[in-house]
Amino acid sequence: MSTKKDKKKKTTDIEPKDEGKKIKSALNGETGHFVGGLLCLMFGVYMFLAFTSFLSAGGADQSVTAVNSLGETEVVQNHTGPAGARLAEFLINRCFGIPAYLIVVVLLIAGTKLMKAYNFTVWKWFLGCMCIMYWLSVTLGFASGNVFENSFIYPGGMHGYNAAMWIESYIGVPGLILLLLFCGIVIGVAIRRQTMNVVRKVIHPDFKRKNTGDDIAGNEADKNIATESAGEEVPVVKEQVKEDTTDEEPEDKTEEPAKNEKKKWSERLMPGGILGKLFGKKNDDGEKENEDEEEDEEEDTTAAEDDVREDENEPDIYAEEVYTDDVNYADNGIELPLDDEPLDEKRTVGAETASHNAIADDEEPAFEIEETKEEEKVRGDLNVPYNPRLDLEMYKFPTLDLLKTYPDDGPSIDMEEQTANKNRIIQVLRSFGIEISSIKANVGPTVTLYEITPAEGVRISKIRNLEDDIALSLSALGIRIIAPIPGKGTIGIEVPNASPKIVPMSSVLSSKKFQESTYELPIALGKTITNEVFMVDLAKAPHMLVAGATGQGKSVGLNAIVTSLLYKKHPSELKFVIIDPKKVEFAIYAPIEKHFLAKLPDAEDAIITDVTKVVQTLNSLCVEMDTRYDLLKKAGCRNIKEYNAKFINRQLNPANGHKFMPYIVIIIDEFGDLIMTAGKEVELPICRIAQLARAVGIHAIIATQRPTTNIITGTIKANFPARVAFRVASMMDSRTILDRPGAQQLIGKGDMLYLQGNDPVRVQCAFVDTPEVERISEYISRQQGYPTAFELPEYVDENAEPSGAADVDMNRLDPMFEEAARLIIYHQQGSTSLIQRKLSLGYNRAGRIMDQLERAGIVGPANGSKARDVLCIDENDLQMRMSQLRGNN
């Protein structure tokens, strides 16, 4: 009986132990991990919904969350119920504030890790999220201390607020801010080491990190890994301590890494179960990550050991090994690093080392290795053409949406009006005994052209004399008879439309003709009578005269010319010199100074409004013209197009002074005012430019509202073949502009005649308003431009300069004379603009100082557009000259 009782006791004792083992194995197995991970995942999602709903409904649920006991009939706005509302209230308001969301992140990461969906290192995430949560809680509690007093939510929670107040009571507000900044940087460094470089660059923007020993070791380790993967042998700099190694010893033992002999601390403390799973126990999925971490640790340790060994063997290992006979390369076991010297030198060193062993000690020859220097290669590929647009490669051309569009800008035909005009023309001609065989109408934006074919035997002069009678019968503002139309056997009668149409600039620039134009300087002026876009090439014009009465569209026409060029040319290909005596017409182009405008070195504004500056600018353009002709002569080219083509194809050397030449367009408004104030001083350089500058890419456009022979002289007309005539008051003015009548019969508001050659063409000028030009200028000015405007060469009047220098009174030297002299000697450049920029002086005063310097013998005479020669060698020479001047005075 006793034996049976003992057996029953044993069985009862064993059963609970077996059940406990089964439960442990179930919890520690894959199923337990999966269930635990799923629970963490679901609870994290629940907390996220509770927190998010609390941000919007927390104020309405304050009456419920303030009570600790659960009520039977509690109604809350939070979508997760009273439990979720209380949980969010506790963790957000009473604990950590909005950073409590990081608890959700930890739960989601732990859940996906346990479910083996993702492979995270949970303990790193846990420590990182907790540190960030505590730091953000204190930071938000300090930053929002008095901001959210009347709000239901505390961004930093009560924990953050109380902690911030406690720390502030000890070290004050500056100390708290510095402490938070320090903790934030430390957390950033712990998360990612690149934070250190960011902080260094904040302190020192030009900081570049040098390679330390650890970085070099890491780089060498990366190179070795890459070489091993390619199947090559990796050279290692290390000393072989064991000399009695045998070939029978297996390779696996010698190359076995130290990581296989160590276990992670998480495995030792928690070898199994959920905690071991979370905190780094190895499994099939996480093995790769853990091995990578251990390899990184080993690489750092190996790099540090290599640095120590190099320090111990400091007496120049490479020099002793290569250049002395005392080293036994077979026994020493030191391998030279292959990365430190070229392959040819290593082979030379090996051959010379073998020869060293064969030479006696008492007759050691001198050994020297001469490094072979490679020839310097030309930078850049000569086969690739030069692209001038790379100076501003990010530049974007203005878009068409900057221009205004009009609803009824297309051609429209009023058949009633056309039929009535046709009948009246036929009736008037028949009343004077003139028969016609056919009539055809071409309806334009503002004018309709009626082409009539007269019957046989009708004289053209008879129809031409009926111009006023036809205008009377049609009740028109003014008609123009073209008898005959060039190239056709018909006579044209131009009649203004009853309802003229506006030609918007957007319709002209968006046309296929303009977009696909290959002109060097395309100008879209408007539309002809046949509704075709009218374009001219300013490079072939090559200069243009614009004239017309006040208010007839000259300024709009000039803006249309500039707008066309801005939409087609890059800033590296085109520059404007704008002269505006009225000071208001072209001020809207000032924002594009660093992109498209050119000016004198000493000029403050790129838009020239001063008459004295106009004369200097025009003479400077003449100097630029002469300089360009010299470059064309050296290159053997006839015009700027051939020269730039050679430069783009890299056939011209910039070291010889060659450079890419942009086109320069000179726009002069109110030319009559300039002639009245400056006279010949303005007319002479303009005539020189008009006669010679077309070949070097300098083109002039002048406009005037006084088309008289005093303003538009015969010299001007002879050199400006392209002429634009808006409506004028008399036939005499039309003859002055076009050498023929017709401009007095235009209807105004952009109606113009363009003459280049034999017969003028009637065009309705495109309309571009001031707000459109402002938008275009603003669009261009927001983009990257050149450091300064395009600088024109400095002009010095060769005739006036010597007399001015001779008339200088050396007894009344300028107070800045000595400082200017030291500046000239320091830079070894005698330039008036240099004195202006460095000493902040005006042009007139700087010119007087330059005259005094020339009279004192410090600089030489004027040398055209080039800087003066500096005759004074150094400071000692200057002191001698200054003492002589003081002695003479």
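For every chain, the first residue of the written sequence is number 1, and numbering continues from 1 along that sequence. Local features in a predicted model are, by the rule used here, given only for residues with pLDDT of at least 70; side-chain atom pairs are given and counted only at 80 or more, and totals for whole chains, interfaces and linings are based on all residues. The side-chain figures draw on all heavy atoms in the structure; neither hydrogens nor water molecules are used.

## Topic: the pattern of salt bridges
So, step 1. Criterion for a salt bridge: a side-chain nitrogen of Lys or Arg within 4 Å of a carboxyl oxygen of Asp or Glu. Inspection of every chain in the model, using the stated rule, returns 22 salt bridges.
So, step 2. In this structure, the salt-bridge partner of Asp 814 is Arg 845, at a minimum N-O distance of 3.0 Å. Note that Asp 814 is positioned in the loop between helix H31 (800–806) and helix H32 (817–827) and Arg 845 in helix H34 (residues 843–855), a separation of 31 residues in sequence.
So, step 3. Whether a residue is buried, partly exposed or exposed follows from its accessible area with a 1.4 Å probe, protein chains only, as a fraction of its type maximum: under 20%, in between, or over 50%, in that order. Taking the relative accessible area as the measure of exposure, Arg 845 reaches 29% and is therefore partly exposed. Helix and strand assignments follow DSSP, with helices taken as H or I runs no shorter than four residues and strands as E runs no shorter than two, numbered in order from the N terminus.

## Description of the pairing of strand S14 (residues 761–765)
The side chains of a regular strand alternate, residue by residue, between the two faces of the sheet.
So, step 1. Within S14, 4 of the 5 residues are buried, which leaves the element mostly enclosed by the surrounding structure.
So, step 2. The sheet contact formed by strand S13 (residues 751–755) and S14 spans 4 bridges and is antiparallel. Each bridged residue has a counterpart across the sheet, and for Asp 751 the counterpart in S14 is Gln 764.
So, step 3. Any two strands with at least two DSSP-identified bridges between them are counted as paired. Counted between consecutive antiparallel strands, the loop separating S13 from S14 contains 5 residues, among which Gly 757 sits at a positive phi close to 125°.

## Observations regarding helix H27 (residues 680–692)
So, step 1. Under the convention used throughout, the expected extent of a helix is 1.5 Å for every residue step, that is, one less than its residue count. In a regular helix each residue adds 1.5 Å, so 13 residues correspond to 18 Å; H27 covers 18 Å between its end C-alpha atoms and thus fits that length.
So, step 2. The set of residues buried in H27 consists of Val 682, Glu 683, Pro 685, Ile 686, Cys 687, Ile 689 and Ala 690.
So, step 3. We call two residues in contact whenever any of their non-hydrogen atoms come within 4.5 Å of each other. Contacts made by the buried residues of H27 are with helix H24 (611–635), strand S10 (663–668), helix H26 (671–678), strand S11 (698–704) and helix H28 (714–719).

## Topic: the packing of H24 against H27
So, step 1. To get an axis, fit a line to the C-alpha atoms, keeping to the stretch in contact for a helix; angles then go from 0 to 180 degrees between the N-to-C directions. Look at H24 against H27: their axes get within 9 Å of each other, and the N-to-C directions meet at 25°. In terms of orientation, H24 lies roughly parallel with respect to H27. Judged by the twist between their axes, the crossing of H24 over H27 is left-handed. Residues Val 615, Leu 618, Asn 619, Leu 621, Cys 622, Met 625, Asp 626 and Tyr 629 of H24 lie in contact with H27, whose contacting residues are Glu 681, Val 682, Pro 685, Ile 686, Arg 688, Ile 689 and Leu 692. For this classification, under 35 degrees means roughly parallel, over 145 means roughly antiparallel, 65 to 115 means roughly perpendicular, and everything else is oblique. Each crossing gets its hand from how the near helix is turned against the far one by less than a right angle, where anticlockwise is left-handed and clockwise is right-handed.

## Brief notes about the confidence of the model for the protein
So, step 1. Per residue, pLDDT captures the predictor's confidence, and it can take any value from 0 to 100. For the protein, per-residue confidence averages 76 on the pLDDT scale, and 72% of positions sit at 70 or higher.
So, step 2. The least confident element of the protein is helix H14 (residues 317–323), whose mean pLDDT is 37; the most confident is S10, at 96.
So, step 3. Throughout residues 7–14 the model reports pLDDT below 50, and contacts reaching past four residues in sequence, or to other chains, amount to 0 contacts.
So, step 4. Here residues 212–362 scores under 50 on pLDDT; set against residues more than four positions off or in separate chains, the count is 106 contacts.

## Observations concerning the sheet that holds strand S7 (residues 544–547)
So, step 1. With mixed pairing, the 9 strands of this open sheet are ordered in space as S6-S5-S14-S13-S12-S7-S11-S10-S8. Either end of the sheet is taken by a strand with one partner, and the two such strands are strand S6 (533–537) and strand S8 (574–579). On average, each strand axis in the sheet is inclined to that of its neighbour by 30°, with strand direction left out of account.
So, step 2. By the bridge criterion, 3 bridges tie strand S5 (residues 522–528) to S14 in an arrangement that is antiparallel. Bridged to Thr 528 within S14 is Val 763.

## Side note on a nonpolar patch on the surface
So, step 1. For patches, a residue must show more than 30% relative accessible area and have no salt bridge; joins then use 9 Å for like charges and 5 Å for nonpolar side chains, namely Val, Leu, Ile, Met, Phe, Trp and Tyr. Using a 1.4 Å probe, accessible areas were evaluated by the Shrake-Rupley method; residue-level cover was limited to the displayed protein chains. Residues Trp 166, Tyr 170, Ile 171, Leu 179, Phe 182 and Val 186 make up a contiguous nonpolar surface patch of roughly 670 Å² in combined accessible area.
So, step 2. Here Leu 179 lies in helix H7 (residues 157–191).

## So, the packing of aromatic side chains
So, step 1. Centre distance within 6.5 Å is the pairing criterion for rings of Phe, Tyr and Trp, where only the six-membered ring of Trp is used; planes under 30 degrees apart are then read as stacked, over 60 as edge-to-face, and the remainder as tilted. A full pass over the atoms with the stated rule returns 12 aromatic pairs.
So, step 2. Their ring planes at 70° and their centres at 5.3 Å tell us that Phe 96 and Tyr 134 sit as a pair that is edge-to-face. With Phe 96 in helix H4 (residues 81–96) and Tyr 134 in helix H6 (residues 122–143), the pair connects residues that are 38 residues apart, well separated along the chain.
So, step 3. Residue classification places Phe 96 among the buried residues on the basis of a relative accessible area of 15%.

## Here we look at helix H5 (residues 101–114)
So, step 1. Taking 1.5 Å of rise per residue, 14 residues should cover 20 Å, and H5 covers 20 Å from first to last C-alpha, within 8% of that figure.
So, step 2. Of all 14 residues in H5, 12 are buried, a share of seventy percent or more.
So, step 3. What H5 keeps buried is the set Tyr 101, Leu 102, Ile 103, Val 104, Val 106, Leu 107, Ile 109, Ala 110, Gly 111, Thr 112, Lys 113 and Leu 114.
So, step 4. Positive phi shows up at Lys 116, right after H5, with a value of about 60°.

## Brief notes about the sheet that holds strand S4 (residues 491–496)
So, step 1. Taken in spatial order, the 4 strands of this open sheet run S1-S2-S4-S3, and their pairing is antiparallel. In the strand order of this sheet, the two ends are held by strand S1 (436–443) and strand S3 (480–482), each with one partner. Pairs of neighbouring strands in the sheet enclose a mean axial angle of 20°, with direction left out of account.
So, step 2. Summarising the sheet, S3 and S4 pair through 3 bridges and their orientation is antiparallel. Directly across from Arg 480, in S4, lies its bridge partner Glu 494.

## Re the nonpolar core
So, step 1. In terms of nonpolar packing, the biggest core is built from 113 residues, with Met 544, Phe 576 and Tyr 589 touching the most fellow members.
So, step 2. Ranked by residues supplied to this core, first place goes to H24 with 9 residues.
So, step 3. Ranked by size, the runner-up nonpolar core spans 24 residues in total, among them Ala 821, Leu 834, Met 850 and Ile 858. The nonpolar core is taken to be a set of buried Ala, Val, Leu, Ile, Met, Phe, Trp, Tyr and Cys residues, with the residues joined through side-chain atoms within 4.5 Å.

## As for the side chain of Ser 734
So, step 1. Summarising the element assignment, Ser 734 is placed in helix H29 (residues 731–738).
So, step 2. Polar contact is defined as a pair of N or O atoms within 3.5 Å, subject to the rule that within protein one atom must be able to donate a hydrogen and the other to accept it, and that residues adjacent in sequence are counted only when both atoms are side-chain atoms. Polar side-chain contacts of Ser 734 include one of 3.3 Å to the backbone nitrogen of Gly 742.

## A short note on the environment of Gly 111
So, step 1. Relative to the helices and strands, Gly 111 resides in helix H5.
So, step 2. Gly 111 sits in the buried class, given a relative accessible area of 0%.
So, step 3. Along the primary structure Gly 111 and Leu 39 are separated by 72 residues, whereas in three dimensions their C-alpha atoms are 7.2 Å apart.

## Focus: the environment of Leu 474
So, step 1. Locating Leu 474 in the fold gives a position in helix H19 (residues 467–474).
So, step 2. For the pair Leu 474 and Ile 425, spaced 49 residues apart in the sequence, the C-alpha separation amounts to 7.8 Å.
So, step 3. Other than its neighbours up to four places away in sequence, Leu 474 contacts Asn 421, Arg 424, Ile 425 and Val 495.

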